[in-house]
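Residue strings, one per chain:
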2 protein chains.
Amino acid sequence: MALAKFTPDGILDACAEEVLANGGDVRIADIASRLGAPTGSIYHRFGSRQELLVRLWLRSVGRFHVDYLAAGDQDDPERALLAMAECVVAFSRDHQLDAVAMTLYRHSRLVLTAPESCREDVENINVGIHDRLAVLAERRYEHTTERHRFLVRLAAAESPYGLVRPYLWNSVPASLPEVVVASSRAILALGD
Amino acid sequence: MALAKFTPDGILDACAEEVLANGGDVRIADIASRLGAPTGSIYHRFGSRQELLVRLWLRSVGRFHVDYLAAGDQDDPERALLAMAECVVAFSRDHQLDAVAMTLYRHSRLVLTAPESCREDVENINVGIHDRLAVLAERRYEHTTERHRFLVRLAAAESPYGLVRPYLWNSVPASLPEVVVASSRAILALGD
DNA sequence: GGCATACTAGAATATTGATTCTAGAACCTG
DNA sequence: CAGGTTCTAGAATCAATATTCTAGTATGCC
């Protein structure tokens, strides 16, 4: 087995840099030249441009989920949810390449358009998170309803993500965590 | 002068439908066939695909701004800002095509990449809003600082937009306005 | 009516960039 | 070391689609 000069992760890294630099319309040739590789080496690892991009998205989302679940791993459900909200901001600040890569697709659309080889991973990527949020909703509220689960999703995920999103391509303001927590707390309070 | 069978607005409409249906990668041929027009008629109105898409974005953002400014046109600054926040949701619910078209670009990037013929419009499109928010920040807070302006922008624009964004492609939940107001109110309160 | 203009029509062309192919080098196994 | 496998290399091919071109048609104006 020859030594691998261009690994899948290395290629994904270059791809991420390209996405940050030039937006979603990444060219294979650009990734290759950024890496000093021939285009053939990229196709040796990934079946198509589509697949490469989806793999990048999956890797970034997966990395985020590690931090996200860790942040929410504490007893008090309110604290856990607010920590998760803050984690969205912290991750975005500390992992810009991944954060930007995550903007490449929306999950709900990707489920329909991902290449066959990634379909299953795309379909499953959110289940752990979804379950965890459901559990936290149960613990945070008595007589948990659909509305409570909705509020939890907004407070712990959609609101914080919406708040950092505009800053992903530059730098995240230092006071954003504070804002995110205030917003999420207020949203959770609507369920009381 | 021959009667215009395919007007610029009609073409933009078809383009918007295409964006909603198939995401940002719109093909000229698809717009044309949706319209029952030859591709030539599209190029008769727009210099390039790029320009067409940017014009669509500009039209949608402009339409939104009309509603947005109207919503904020009231004396009490807190009320005005919260009304603007709600307006983001209402507009997204009532004008799905425009709301989705607005996701085609980020302003800060478009400023750099827009075709020459649109550059100026892109550069200017936000100035009215920017000024208005600055004025409202002055009125809402005593001794207004940069931080206050930051909070105002988050409360009236970025937070509500971030909260509806995930729902743009389907339907906007009925309880979202309530959530948006709670969030924005909490954010504004951070400046007191 | 006859000319000029604005538009429709859609085929022909050009371009861009993804993908494939062939060759060769590096390494591992037995 | 011979054979097999994995990988690099980069040129050649292919496909998709944006754009251009030429012709034809309707309309308004003088």
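Residues numbered from 1 in each chain as written. Chains lettered and ligands numbered in written order. Predicted model: local features only at pLDDT ≥ 70, side-chain atom pairs only at ≥ 80, totals over all residues. Heavy atoms only, no water.

Colleague: Would you explain the overall build of chain A in this entry?
Modeller: Per the secondary structure count, chain A includes 11 helices and zero strands. Mapped in sequence order, the helices and strands of chain A form the string α-α-α-α-α-α-α-α-α-α-α. Viewed in the frame of its principal axes, chain A has a C-alpha envelope of about 60 × 35 × 30 Å. When burial is assessed residue by residue, chain A has 50% of its 192 residues classed as buried. Pairs at least 24 apart in sequence give 70% of the contacts found in chain A among residues at least 6 apart. Total accessible area on chain A stands at roughly 9,100 Å², and carbon and sulfur atoms take up 52% of it. Counting 21 positive and 26 negative side-chain charges, chain A places the centres of these two groups 4 Å from one another. (Helix = DSSP H or I, 4+ residues; strand = E, 2+ residues; numbered from the N terminus. Buried < 20%, exposed > 50% of the residue type's maximum accessible area, 1.4 Å probe, protein only. Contact = heavy atoms within 4.5 Å. Areas by Shrake-Rupley, 256 points an atom, 1.4 Å probe, with all protein chains shown as cover. Lys, Arg positive; Asp, Glu negative; His and termini not counted. Charge placed at Lys NZ, Arg CZ, Asp CG, Glu CD.)

Colleague: What exactly am I supposed to notice about the side chain of Arg140(A) here?
Modeller: All names here are of chain A. The topology assignment puts Arg140 in helix H9 (residues 127-140). Among the residues examined, Arg140 registers a relative accessible area of 17% and is labelled buried. Of note is the side chain of Arg140, whose polar atom sits 2.4 Å from the side chain of Glu78. Each residue touching Arg140, except ones within four places of it in the same chain, is listed here: Pro77, Glu78, Leu81, Leu188, Ala189 and Asp192. (Polar contact = N/O pair within 3.5 Å; in protein donor to acceptor, adjacent residues only side chain to side chain.)

Colleague: Quick question: what am I supposed to make of the environment of Val111(A) here?
Modeller: Residue and element names in this part refer to chain A. Tracing the backbone shows Val111 in helix H7 (residues 107-113). Under the relative-accessibility criterion, Val111 is labelled partly exposed at 22%. Spatially, the C-alpha atoms of Val111 and Glu123 are 6.0 Å apart, while their sequence positions differ by 12 residues. Setting aside residues no more than four positions away along its own chain, Val111 makes contact with Arg119, Val122 and Glu123.

Colleague: Hey, could you run me through the relation of the copies chain B and chain A in this one?
Modeller: Mapping one chain copy onto the other needs a rotation about an axis and a shift along that axis. Superposition record for chain B on chain A: RMSD 0.0 Å, screw rotation 180°, translation along axis 0.0 Å. Taken together, the rotation and translation relating the two chain copies correspond to the operation of a two-fold axis. In terms of proximity to the rotation axis, the leading residue of chain B is Gly162(B), whose C-alpha is 1.8 Å off the axis. Most of the interface of chain B is mirrored in chain A: 100% of its interface residues are interface residues there too. (Least-squares fit on C-alpha atoms with pLDDT ≥ 70 in both.)

Colleague: Quick question: what am I supposed to make of the protein's contact with DNA strand D here?
Modeller: Residues in close proximity to DNA strand D total 22 residues, the closest being Lys5(A), Phe6(A), Ile28(B), Tyr43(B) and Arg49(B). Restricting attention to atoms of DNA strand D within 4 Å of the protein, one finds that 75% of them are sugar or phosphate atoms. Within the side chain of Ser41(A), a nitrogen or oxygen atom sits 3.4 Å from a phosphate oxygen of DNA strand D. One of the side-chain N or O atoms of Tyr43(B) is found 2.5 Å from a phosphate oxygen in DNA strand D. Residue assignment for the surface near DNA strand D shows that the elements contributing at least two residues are helix H3 (39-45) of chain A together with helix H2 (28-35) and helix H3 (39-45) of chain B. Tallying contributions element by element places H3(A) first for the surface near DNA strand D, with five residues. Of the residues that constitute the surface near DNA strand D, the class distribution is 12 nonpolar, six polar and four charged. (Near = heavy atom within 4 Å. Nonpolar A, V, L, I, M, F, W, Y, C, P; charged D, E, K, R; others polar.)

Colleague: Please clarify how helix H1 (residues 8-22) of chain A should be interpreted in this entry.
Modeller: Note on helix geometry: an α-helix contains 3.6 residues per turn, so any two residues three or four positions apart are oriented the same way. Residue and element names in this part refer to chain A. Compared with the 21 Å implied by 1.5 Å per residue over 15 residues, the 21 Å span of H1 between its first and last C-alpha is a close match. For H1, the elements touching its buried residues are helix H2 (28-35), H3, helix H4 (49-71) and helix H6 (96-101). Looking one or two residues past H1, Gly23 carries a phi angle of roughly 75°, positive in sign. (Expected span 1.5 Å × (residues − 1).)

Colleague: Would you take a moment to explain the domain arrangement of chain A for this structure?
Modeller: Accessible area lost upon the coming together of the parts is a frequently used measure of interface size. Residue and element names in this part refer to chain A. Considered domain by domain, chain A is made up of domain 1 (1-46) and domain 2 (57-189). Inter-centroid distance (C-alpha atoms) of domain 1 to domain 2 is 28 Å. With eight residues of domain 1 at the interface, the matching set in domain 2 holds six residues. Both sides of the domain 1 and domain 2 interface together cover about 680 Å² of buried area, and 72% of this is carbon and sulfur. The three residues of domain 1 that bury the most area against domain 2 are Ala16, Val19 and Leu20, which together make up 63% of that side's buried surface. On inspection of domain 1 and its partner domain 2, the count reaches two salt bridges. Salt-bridge contacts for Arg59 lead to Asp13; the nearest nitrogen and oxygen are separated by 2.7 Å. Inspection of the domain 1/domain 2 interface yields two residue pairs in polar contact (both at pLDDT 80 or more). Within the side of domain 1 that touches domain 2, the residues separate by chemical class into four nonpolar, one polar and three charged. (Domains from an automatic or database assignment. Buried area = accessible area lost by both parts, 1.4 Å probe. Salt bridge = Lys/Arg side-chain N within 4 Å of Asp/Glu carboxyl O.)

Colleague: Sorry, what's going on with the pattern of salt bridges here?
Modeller: Applying the stated criterion to the full structure yields 28 salt bridges over all chains. Two residues, Arg149(B) and Glu146(B), come together in a salt bridge whose shortest N-O distance is 3.4 Å. You can see Arg149(B) and its partner Glu146(B) sitting in helix H10 (residues 146-164), three residues apart, about one turn around the helix. The exposure class assigned to Glu146(B) is exposed, which follows from its relative accessible area of 54%. Each of Asp9(A), Asp13(A) and Arg59(A) takes part in salt bridges that share partners, so that together they form one network.

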